[in-house]
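The chain contents come next:
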Amino acid sequence: MKNIVRIVAKAVGVVLVFVVVLFAVGVLWPLDRPQPGMQHDRLVITGAVVVDTETGRLHEGHSVLIEDGIIKAVADGIETDGAVVLDARGLYAIPGMFDMHAHTLKMAPELMHPLFVASGVTAIRDMGGCIGIEDAWVACADDKRAWNDAVLRGRMVAPRYDQVTSLAINGGSEIPDSVDKALGGETADGARARVSYDKARQIDFLKTYTQLPRAGFFALAEEARAQDMYLAGHLPFGVAASEAVDAGQRSFEHALLFVWDCYPGMAELREKGDLFAAFTNDVRAKMISDHDASHCDHLFAKMAAAGTAFVPTHTTRKLDAFALDPIFRNDGRLKYIPGPLRMLWLDDADGMAARAGAGGEESYRAVYEFGIELTGRAHRAGVDVMLGTDAPDSFAFPGAGIHDEFAHLTQAGLTPLEALQAATTVPARFLGLAGQAGVIKPGARADIILLRDNPLEDIQAVRQVDSVVLAGAIYDRSDLDAMLRAVEANAGSWSMWPKFAWQVARSPIMLKQFAD
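Everything in this summary refers to the structure shown in the same document. (Residues numbered from 1 in each chain as written. Predicted model: local features only at pLDDT ≥ 70, side-chain atom pairs only at ≥ 80, totals over all residues. Heavy atoms only, no water.)

1. A few points about the state of the cysteines
Within this structure, the stated rule accounts for two disulfides. The disulfide that involves Cys262 links it to Cys296, with 2.0 Å between the sulfurs. Residues Cys262 and Cys296 are joined through a disulfide that is right-handed, its torsion about the S-S bond being 100°. Placement of Cys262 in the loop between helix 8 (256–261) and helix 9 (266–271) and of Cys296 in helix 12 (residues 293–306) is noted, with a sequence separation of 34 residues between them. The burial state of Cys262 is the same as that of Cys296; both residues are buried. Look at the chain and number its bonded cysteines as they come in the sequence; the links are 1-2, 3-4. (Disulfide = S-S within 2.5 Å. Helix = DSSP H or I, 4+ residues; strand = E, 2+ residues; numbered from the N terminus. Buried < 20%, exposed > 50% of the residue type's maximum accessible area, 1.4 Å probe, protein only.)

In structure tokens:
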């Protein structure tokens, strides 16, 4: 009997050693990362139809001169001697596009960046961050600054990161245990301390979240102004949108903003504390039937006057409405999403469907469609609408998710030009980059997308990317296809499971979320 026990114990030990070794191999298993193209000192794109994203004019047969990653001239007959020539006859040139609401992971260079670039997204506003301590899962400010510098120097294929934000400020529940919880802004003093804390880390703006208390929000806004920072993000449940505009919040995220804020019963719901718990089937129906259009009109006017932007990310609400839809759940683009993340996405969809209850699917779909309608009304009232995907939130695909959002914007009534501006000129102006990004004109950075069809006739022409010029480096269709194949191979690798487990286990931010 003792011999059997020893044999079993030995076998178990061998199996455990094998599992540990296999796990370690998976963690260390290399992933393919695309090699950056050569940055050309002098590059001339010839024969393109240049799309003027400011006016909507098409300049046929123009050439674009690029030197050291900057556009120097856009005209006919540019001298090509001594230059690398990119023949763009029959193609439409648009500026590189922004995704103004995304979240990047530590593995973004292997799993996300190539998807953005291959879809023509050459800059993102990352709406996630850290809290001054290293994180193994979330991309932190230093990661993004390093990636941005690498793009400028031609050392990485990635979108630009023009600004970096804080960890979402949510009243303290989000703060890892090793950090002072007061920095979550539960009190006015804590909120002021948070501004100074993030300012010292050279954070550009502060992301507000739903559970940030009123006192903390207003103190945060006041101190942010004093320290030349700004607020962007969710509208805290305890604050009305008009109050947040008056306090200086520069952008609101997600399509429920107007659905909620223009509901006459919103003040009563705010008193309940947890708005999501109160967002029942009956309440969803009332938010549409009892909608106060005059309240929204007043809010639109206030936002337009203040320059407060709106990033609707309608795909996040499409998940609510189509959680059980087999076509939605089996999107062909899932091949680019790692297995562990696909599992979480599907689990999120299942949970949404379970919470919807009887009639919930219909009411969620009605809210989703009403949100799109309200985006159109806001735009027509003069609110700056910016394209954002919330990738890689559930079924918000990095890069290709812009196609879904363009469809939402045109469904809302934006023209193809206006939708394109929501991803080019409007974000550039918001970020203080007017004339430097979002346009093809002298002095702008050399981020240019060559399309096979005219996006001013059909915005979905953005799907037909022929080539991408990023910081003066050329990536033709074969290069872009190679990037996509590499991401597909990385996402399908067995090593994703140990990599994800290892990184999440060493992430203070994720561990805090799971604990809550």
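2. What to know about the sheet that holds strand 12 (residues 309–311)
Here we have four strands laid out as an open sheet, ordered 9-10-11-12, and parallel in their pairing. With one partner strand each, in any of the chains shown, strand 9 (205–208) and strand 12 form the two edges of the open sheet. The average undirected angle you get between the axes of adjacent strands in this sheet is 25°. Across two bridges, strand 10 (residues 230–233) lies against strand 11 (residues 251–253) in parallel orientation. Looking across to strand 11, one finds that Ala232 is bridged to Ser251. (Pairing = 2+ DSSP bridges. Axes fitted to C-alpha atoms, helices over the stretch in contact; angles between N-to-C directions.)

3. Quick word on the environment of Gln35
You can see Gln35 is positioned in the loop between helix 1 (2–28) and strand 1 (42–51). When the C-alpha atoms of Gln35 and Ala471 are compared, they prove to be 14 Å apart, with 436 residues separating the residues in sequence. With sequence-adjacent residues up to four places away left out, Gln35 is seen in contact with Val157 and Tyr475. (Contact = heavy atoms within 4.5 Å.)

4. Brief notes about helix 4 (residues 141–152)
The end-to-end C-alpha distance of helix 4 is 17 Å, a good match for the 16 Å that 12 residues give at a rise of 1.5 Å each. Among the residues of helix 4, Ala141, Asp143, Lys144, Trp147, Asn148, Ala150 and Val151 are the ones counted as buried. Against the buried residues of helix 4 lie helix 2 (108–111), helix 3 (113–118), strand 7 (121–126), strand 8 (160–161) and strand 14 (465–470). (Expected span 1.5 Å × (residues − 1).)

5. Details of the packing of aromatic side chains
Tallying each qualifying case throughout the model produces 17 aromatic pairs. Measuring from centroid to centroid gives 5.6 Å for Trp29 and Trp494, while their planes differ by 65°, and the two rings are edge-to-face. Of this pair, Trp29 sits in the loop between helix 1 and strand 1 while Trp494 sits in the loop between helix 20 (477–491) and helix 21 (496–505), placing them 465 residues apart in sequence. Residue Trp29 is classed as partly exposed on the basis of its relative accessible area of 40%. With centroids separated by 5.3 Å and ring planes inclined at 75°, the aromatic side chains of Trp345 and Phe397 adopt a geometry described as edge-to-face. Of this pair, Trp345 sits in helix 15 (residues 339–356) while Phe397 sits in the loop between helix 16 (360–380) and helix 17 (401–411), and the two are 52 residues apart along the sequence. Among the aromatic residues, ring-to-ring pairing joins Phe322, Phe328, Trp345, Tyr368, Phe395 and Phe397 into one connected group. One Lys or Arg, Arg284, reaches over the ring of Phe279 and ends 5.4 Å from the middle of that ring. When the ring centre of Phe322 is taken as reference, the NZ or CZ atom of Arg365 above it lies at 3.9 Å. (Phe/Tyr/Trp six-rings, centres within 6.5 Å; stacked < 30°, edge-to-face > 60°. Lys NZ or Arg CZ within 6 Å of the ring centre and 35° of its normal.)

6. A short note on the side chain of His62
Residue placement: His62 occurs in strand 2 (residues 58–67). Note on His62: relative accessible area 16%, which makes it buried. A polar contact is formed between the side chain of His62 and the side chain of Asp76, at a distance of 3.3 Å. Leaving out residues up to four positions away in the same chain, His62 has contacts with Ile45, Thr46, Gly47, Ala48, Val50, Val74, Ala75 and Asp76. (Polar contact = N/O pair within 3.5 Å; in protein donor to acceptor, adjacent residues only side chain to side chain.)

7. Here's the deal with the pattern of salt bridges
Applying the stated rule across the entire model yields 29 salt bridges. The partner of Arg160 in a salt bridge is Asp447, with the nearest N and O atoms 2.6 Å apart. With Arg160 in strand 8 and Asp447 in the loop between helix 19 (425–430) and strand 13 (448–451), this pair connects stretches of sequence that are 287 residues apart. Take Arg160 and Asp447: they sit in the same class, and that class is buried. Connected through shared salt-bridge partners, Arg160, Asp162, Arg445 and Asp447 make up one network. (Salt bridge = Lys/Arg side-chain N within 4 Å of Asp/Glu carboxyl O.)

8. With respect to the nonpolar core
Judged by nonpolar contacts, the single largest core of 129 residues is most densely connected at Phe252, Phe258, Trp260, Met287 and Phe406. In terms of residues, this core owes the most to one element, helix 16, which gives seven residues. In this structure Phe252 touches Gly233, Leu235, Ala241, Ala244, Val245, Leu257, Met303, Thr308, Ala309, Phe310 and Val311, once residues within four positions along its chain are discounted. Within the second largest apolar cluster, 19 residues are counted, among which are Leu43, Ala88, Ile440 and Ala444. (Core = buried A, V, L, I, M, F, W, Y, C linked by side-chain atoms within 4.5 Å.)

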